[in-house]
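The chain contents come next:
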Amino acid sequence: VLGHCNQTSQIIYNVTGRPADEVVDYVTIWKLTLYDYNAGAPCVYETVKQAYENVPLEERTTTTFDWDLLENYTASSHCNRGIEYADEITKKFYNFTPDTVEE
């Protein structure tokens, strides 16, 4: 799992030019990690890339992404399966909402 987390962090950096912790919150990095584990790095890359490309150029250095936004940018049914997997795994054990995550 740590390897998938590192890979996901690198994908975020490759797409945005910014460290993952500046782009996504704790919940989102873990859901992206599970997404990577289930559907693969190409799906994560395309999802993050599509979301990033939809941000106006002048906002790209400050924009952050949450899971709810990113899951709207999946490219295929194969990738959607990974989104559903991440949602299913996390909802069984955790109520990941901004109110329950301590920073």
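1. A few points about the packing of helix α1 (residues 2-16) against helix α4 (residues 41-53)
Packing of α1 against α4 leaves a shortest axis separation of 9 Å and a crossing angle of 35 degrees. Crossing angle aside, the handedness with which α1 passes α4 is right-handed. Within the contact between the two elements, α1 uses Q7, T8, I11, I12, V15 and T16 and α4 uses A41, V44, Y45, V48, K49 and Y52. In terms of residue class, the contact of α1 with α4 is built from eight nonpolar, three polar and one charged.

2. Remarks on the packing of aromatic side chains
Applying the stated criterion to the full structure yields two aromatic pairs. Note on Y35 and W67: the rings are 6.2 Å apart at their centroids and 85 degrees apart in plane angle, and the pair reads as edge-to-face. With a gap of 32 residues between them, Y35 in helix α3 (residues 26-39) and W67 in helix α5 (residues 67-70) connect regions that are remote in the sequence. Owing to a relative accessible area of 5%, W67 belongs among the buried residues under this scheme. Taken together, a centroid distance of 6.0 Å and an interplanar angle of 35 degrees make the contact between Y37 and Y85 tilted. Here Y37 is found in helix α3, whereas its partner Y85 is found in helix α6 (residues 77-93), with 48 residues between them in sequence.

3. Here we look at the state of the cysteines
Disulfides are covalent bonds that connect the sulfur atoms of two cysteines. One pass over the full model with this rule turns up one disulfide. Between the sulfur atoms of C43 and its disulfide partner C79 the distance amounts to 2.0 Å. One disulfide, between C43 and C79, carries an S-S torsion of -80 degrees and so falls in the left-handed class. Taken together, the residues C43 in helix α4 and C79 in helix α6 connect sequence positions 36 residues apart. C79 carries the same exposure label as C43, and that label is buried.

4. Quick look at the packing of α1 against α3
Relative to each other, α1 and α3 sit at 105 degrees, their axes nearing to 8 Å. Between α1 and α3, the angle is such that the two are roughly perpendicular. On α3, the residues that touch H4, C5, Q7, T8, S9, I11 and I12 of α1 are I29, W30, L32, T33, D36 and Y37. Residue composition of the contact of α1 with α3, grouped by class: seven nonpolar, five polar and one charged.

5. Observations concerning α4
Under the 1.5 Å per step criterion, the end-to-end length of α4 is 18 Å for 13 residues, consistent within 8% with the ideal 18 Å. For α4, every residue scored as buried is listed here: C43, V44, T47, V48, A51 and Y52. Each buried residue of α4 sits inside an arc of 160 degrees when the element is viewed along its axis, so together they form one side.

What counts, and where the lines are drawn
- Every chain begins its residue count from 1, and numbering advances along the sequence as written.
- Given that the model is predicted, a residue must reach a pLDDT of at least 70 before its local features are reported, and side-chain atom pairs must reach 80 or more before they are shown or counted; all residues, however, enter totals for whole chains, interfaces and linings.
- Side-chain metrics in this entry use all non-hydrogen atoms of the structure; hydrogen atoms and water are not considered.
- Axis definition: a line fitted to C-alpha atoms, over the contacting stretch in the case of helices. Angles run 0 to 180 degrees between N-to-C directions.
- For the purposes of this entry, the term helix denotes a DSSP run of H or I that reaches at least four residues, the term strand denotes a run of E that reaches at least two, and both are numbered from the N terminus.
- Helix crossings are classified by the rotation of the near helix relative to the far one: an anticlockwise turn of less than a right angle makes the crossing left-handed, while a clockwise turn makes it right-handed.
- Note on contacts: a residue pair is in contact if any heavy atoms of the two residues lie within 4.5 Å.
- Throughout this entry, Asp, Glu, Lys and Arg are counted as charged residues, while Ala, Val, Leu, Ile, Met, Phe, Trp, Tyr, Cys and Pro are counted as nonpolar. The remaining residues, Gly among them, count as polar.
- Stacked, tilted and edge-to-face are the three classes applied to pairs of Phe, Tyr and Trp rings, where Trp contributes its six-membered ring and a pair requires centres within 6.5 Å; stacked means planes under 30 degrees apart, edge-to-face means over 60, and tilted covers the rest.
- Each residue gets one of three labels from its accessible area relative to the maximum for its type: buried under 20%, exposed over 50%, partly exposed in between, using a 1.4 Å probe on protein chains only.
- Cysteine sulfurs are considered disulfide-paired once they come within 2.5 Å of each other.
- These descriptions rest on fixed angle ranges, namely under 35 degrees for roughly parallel, over 145 for roughly antiparallel, 65 to 115 for roughly perpendicular, and the rest for oblique.
- Here, expected helix span is obtained from the residue count minus one, scaled by 1.5 Å.
- Think of the arc as the fan of directions from the helix axis to the C-beta atoms.

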